[in-house]
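# What the coordinates show
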Amino acid sequence: MIKNVVFLCFAYFISFCSSSQSLQFEKALSNAHLGRVNRDSALLKANFAYELAKKENSEESMNKALTYIGAAYYNRRETDTAGFILKKARQKLEKGSFEHGMAIWYSGKVCLRNAKYDSAKQYYLLAKEIFVELDSVIFVSNCLAEIGLSQGMQGNYSEALKWFTQAYENKLKNGLEAETDDDLHNIATVYMRQGSYDKAIEMFQKSIALKDGHGDYSPYIGIGGAYNLQHQRDSALFYYKKAYEMASAERSLGGVVSAAINISNIYFQKEEHRSAIKYLQIASATGAVPARSVPSVYGEMGKNYFGLKMLDSAKYYLMLGLEESFVVNSRQYKAETSEFLSKILAEQKKFEEAYEYATMSMIYADSINRERRDDAITDQRVKLETLKKQHEIDALNAENLIHQYKQLSLIVGGVSVAFISLLAFFNFRSRSKLKQQRLEEEKAVLRLELDKKVAQLSAHTLSMIHQKNGLEEIEQHLSKLDGTEKQKIQNVISINKAQEKDWDNFNNYFSQVHAQFFDVLNSNHSGLTQSEIRLCALVRMNLANNEIATLLNIESKSVKMARYRLKKKLELAEDQDLNSYISKLTMPDSSLTTG
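What counts and how
Per-chain numbering applies: the sequence of each chain, read as written, is numbered from 1 onward. Predicted model: local features are reported for residues with pLDDT of at least 70 only, side-chain atom pairs are reported and counted for 80 or more only, and whole-chain, interface and lining totals are derived from all residues. The basis for the side-chain values is all heavy atoms of the structure; hydrogens and waters are excluded. Secondary structure follows DSSP: runs of H or I at least 4 residues long count as helices, runs of E at least 2 residues long count as strands, and numbering of each begins at the N terminus. Note that accessible areas follow from Shrake-Rupley with a 1.4 Å probe, and for residues the cover is restricted to the protein chains shown. Here the term buried applies to any residue with accessible area under 20% of the maximum for its type, exposed to any over 50%, and partly exposed to those in between, with areas from a 1.4 Å probe on protein chains only. Angular values range over 0 to 180 degrees, each being the angle between N-to-C directions of two axes fitted as lines to C-alpha atoms, with helices fitted over their stretch in contact. Here the word oblique covers every angle except those under 35 degrees (roughly parallel), over 145 (roughly antiparallel) and from 65 to 115 (roughly perpendicular). Two helices cross in a left-handed way if the nearer one is turned anticlockwise from the farther one by less than a right angle. They cross in a right-handed way if the turn is clockwise. Throughout, a contact is declared for two residues whenever any of their heavy atoms are within 4.5 Å. For this classification, the nonpolar set comprises Ala, Val, Leu, Ile, Met, Phe, Trp, Tyr, Cys and Pro, the charged set comprises Asp, Glu, Lys and Arg, and every other residue, Gly included, is treated as polar. Each salt bridge in this description consists of a side-chain nitrogen of Lys or Arg and a carboxyl oxygen of Asp or Glu lying within 4 Å of one another. Working rule for helices: expected span equals 1.5 Å times residues minus one. Our arc is simply the arc of the directions from the helix axis toward the C-beta atoms. Stacked, tilted and edge-to-face are the three classes assigned to paired rings of Phe, Tyr and Trp, where Trp is represented by its six-membered ring and a pair needs centres within 6.5 Å; plane angles under 30 degrees give stacked, over 60 edge-to-face, the rest tilted. Here, over-ring charges are defined by two tests on the NZ atom of lysine or the CZ atom of arginine: distance to the ring centre within 6 Å, and angle to the ring normal within 35 degrees. Throughout this description, a polar contact denotes any pair of N or O atoms lying within 3.5 Å of each other; where both atoms belong to protein, one of them has to be capable of donating a hydrogen while the other can accept it, and for residues adjacent in sequence the pair is counted only when both atoms sit in side chains. By definition, pLDDT measures how confident the predictor is in each residue, and it falls between 0 and 100.

## Quick word on the overall build of the protein
Scanning the protein from terminus to terminus reveals 26 helices and zero strands. If you sum the accessible surface of the protein, you get close to 34,000 Å²; carbon and sulfur atoms cover 52% of it.

## Some remarks on unusual backbone geometry
A positive phi is found at Lys309, a non-glycine position, where the angle reads about 65°. Along the chain, Lys309 falls in the loop between helix H15 (294–307) and helix H16 (311–328). By relative accessible area, Lys309 is classed as exposed at 59%. Non-glycine residue Lys349 carries a positive phi angle of around 65°.

## What about the packing of helix H13 (residues 253–269) against helix H14 (residues 273–285)?
At a minimum axis separation of 8 Å, H13 and H14 run at an interaxial angle of 165°. When the axis of H13 is compared with that of H14, the two are roughly antiparallel. Handedness of the crossing formed by H13 with H14: left-handed. Contact with H13, carried on its side by Val256, Val257, Ala260, Ile261, Ile263, Ser264, Tyr267 and Phe268, involves His273, Ser275, Ala276, Tyr279, Leu280, Ile282 and Ala283 of H14 and no other residues of that element. Taken together, the residues of the contact of H13 with H14 sort by class into twelve nonpolar, three polar and no charged.

## Let's talk about the pattern of salt bridges
One pass over the full model with this rule turns up nine salt bridges. A salt bridge links Asp183 to Lys171; its shortest N-O distance comes to 2.8 Å. Taken as a pair, Asp183 in helix H9 (residues 181–194) and Lys171 in helix H8 (residues 157–173) lie far apart in primary sequence, twelve residues in all. Two residues, Asp234 and Lys270, come together in a salt bridge whose shortest N-O distance is 2.9 Å. In this pair, Asp234 is assigned in helix H12 (residues 233–250) and Lys270 in the loop between H13 and H14, connecting sequence segments 36 residues apart. Given the relative accessible area of 27%, Lys270 is considered partly exposed.

## Things to note about helix H4 (residues 79–92)
In this model H4 runs 20 Å from its N-terminal to its C-terminal C-alpha over 14 residues, within 8% of the 20 Å that 1.5 Å per residue would give. By the burial criterion, the buried members of H4 are Thr79, Ala82, Ile85, Leu86, Ala89 and Arg90. Around the axis of H4, the buried residues are gathered within 140° of arc, so they sit on the same side. Facing away from the buried surface of H4 by more than 90 degrees, the exposed residues are Asp80, Phe84 and Gln91. Looking at the buried side of H4, the elements it contacts are helix H3 (59–75), helix H5 (98–113) and helix H6 (117–133).

## Notes on the packing of aromatic side chains
Enumeration according to the criterion identifies 18 aromatic pairs in this entry. A centroid spacing of 5.2 Å and a plane angle of 75° characterise the contact between Phe306 and Phe340, whose relative ring orientation is edge-to-face. In this pair, Phe306 sits in helix H15 while Phe340 sits in helix H17 (residues 331–347), placing the two residues 34 residues apart along the sequence. A relative accessible area of 17% means that Phe306 is categorised as buried. Linked through ring pairs, Tyr74, Phe98, Trp105, Tyr106, Phe131 and Phe139 together constitute an aromatic cluster. In this arrangement the basic side chain of Arg113 is found over the ring face of Tyr74, its NZ or CZ atom lying 3.8 Å from the centre. One residue, Lys309, lies across the ring of Phe306, its end atom 5.5 Å from the ring centre.

## So, the packing of H8 against H9
The interhelical angle for the contact between H8 and H9, taken along N-to-C directions, is 160°, at an axis separation of 9 Å. Considered as vectors, H8 and H9 are oriented roughly antiparallel to each other. As H8 packs across H9, the resulting crossing turns out to be left-handed. Contacts from Tyr157, Ser158, Ala160, Leu161, Phe164, Thr165, Ala167, Tyr168 and Lys171 of H8 reach H9 at Asp183, Leu184, Asn186, Ile187, Val190, Tyr191, Arg193 and Gln194. Grouping the constituent residues of the contact of H8 with H9 by class yields ten nonpolar, four polar and three charged.

## Some thoughts on the environment of Glu547
Along the polypeptide, Glu547 turns up in helix H24 (residues 545–552). The sequence separation of Glu547 and Val559 amounts to twelve residues, and the corresponding C-alpha distance is 9.8 Å. A polar atom in the side chain of Glu547 sits 3.0 Å from the backbone nitrogen of Ala544.

## Observations concerning the confidence of the model for the protein
Mean pLDDT over the protein stands at 78; residues scoring 70 or higher make up 71%. Considering only residues more than four positions removed or in separate chains, one finds that residues 1–25, a stretch of pLDDT under 50, has ten contacts. In the model, residues 588–595 has pLDDT below 50 throughout and makes 14 contacts with residues more than four positions away in sequence or in other chains.

## Overview of the side chain of Thr79
Here Thr79 lies in helix H4. Using a relative accessible area of 10% as the deciding quantity, one classes Thr79 as buried. Reaching out from Thr79, the side chain makes a polar contact with the side chain of Arg113 at a distance of 3.3 Å. Discounting residues that sit within four places of it in the chain, Thr79 has contacts with Val110, Arg113 and Asn114.

This is the structure in structure tokens:
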């Protein structure tokens, strides 16, 4: 009897301890989920839950904890680690459980961050089905909203609006109107991108009404943005200031920064520079300006001081902004700031420095444009390669089908010869079609290469024009000075305006686009000078007289005279057009006449 009592007490103790550990685990998981806003705290709590599950030797609980560990790494922006852990959790969790749905949902978020939009959408749809079965309205709407976000990131705004609206209506249908704030924001943002500003304002107003005008400052920022895009500055300023007041009351530093920067932008547009500077200083003083926005804040300070004609202060803040742009590696900002600094230095009559910054700006701008062109060409190449692979697969399928038909023909017997002949015909036609498709693909690639070379030639020519225009502007300022320094700077400008290296690069790009042009030209007209050959090339590019004048460092009227003399030297008739004649020099099988 005593033994039985002792055994029962021991069993009860073990059960109590097990129950206590299970409660600790569930609490730790709950804390990990609730603590997701604080990334480090969420990871610690998820790891604690995992250790508790490990002590219990419960694989199911360990896999549940893995889901929240993966989610915590995602929120810490350690995307690759998150993806690895979530994959492990997905494979081991009970199918259809809440944590299984969460693991799939976060896997979609990982794909979205890596711009794998199709994979992200598939994960979200899978997670949605699980949450529908679990009757989790909020998470069903979250999945729909994430699909909308992925569509918006690809610029498919009509599709984005469809999914965001579904997320919103799902909550309304289930009596969760109070939880629709984010959905209204998403719908309003799409309307903004589509230029439907009145609809966007209506959605933001609905969001404000949900909280009776209290709490969230972001709808006011949104309404201010809608008015700003319509150039209704006073209305925009009213709502931005309302957002600033609410963010200050909430002690939301991020809200204060966002509202203050937007307010300063309106004052800059209204040319009320002192007010603009005041709000930029407020934003900077919070210490909460995101790293990538720091160069912009300094730059805006510089531009406002420039508007007040306080050139030293303008230069100081623009230089600070330029330094910060190297920290965040923003070439766009480097290009814009360098250009603005060159204007300030030209105003201060520091022409050598102005020239250096103008050159720097052009280098960065050219780098950005070249990268965009290369990215576009790479995208086209990927599409062509994908199409090519698909054609190869189609060809293999066709060959397999033919092989199957051949086997069938052996069974059929008497009709095999005719049948195989028919198949051979279709095979030949299929191969011919495939060969034609490959030729078309190769032509497309060649067209892309040609487009790239044309773009390089155009970019180099525009860069030369822009540079020479900048030098002429500096020369105009210089003409107002006296002394030996003036002559020294003029010599530097003259040397740079006559750079033969630029023309060598031009000839290289031009020859890639218009192959054999110079050979045909010299073959037909051997007595042309270097200047006349350059003029022919510029005419071949269909440049205007003023653009040609800039590149050749002559007056526009001198270009007209040069064109007249060139026409005489080419022995063209009075009614023959110079542009038409020169354009035919690189056309195949063209009949060329010289008078």
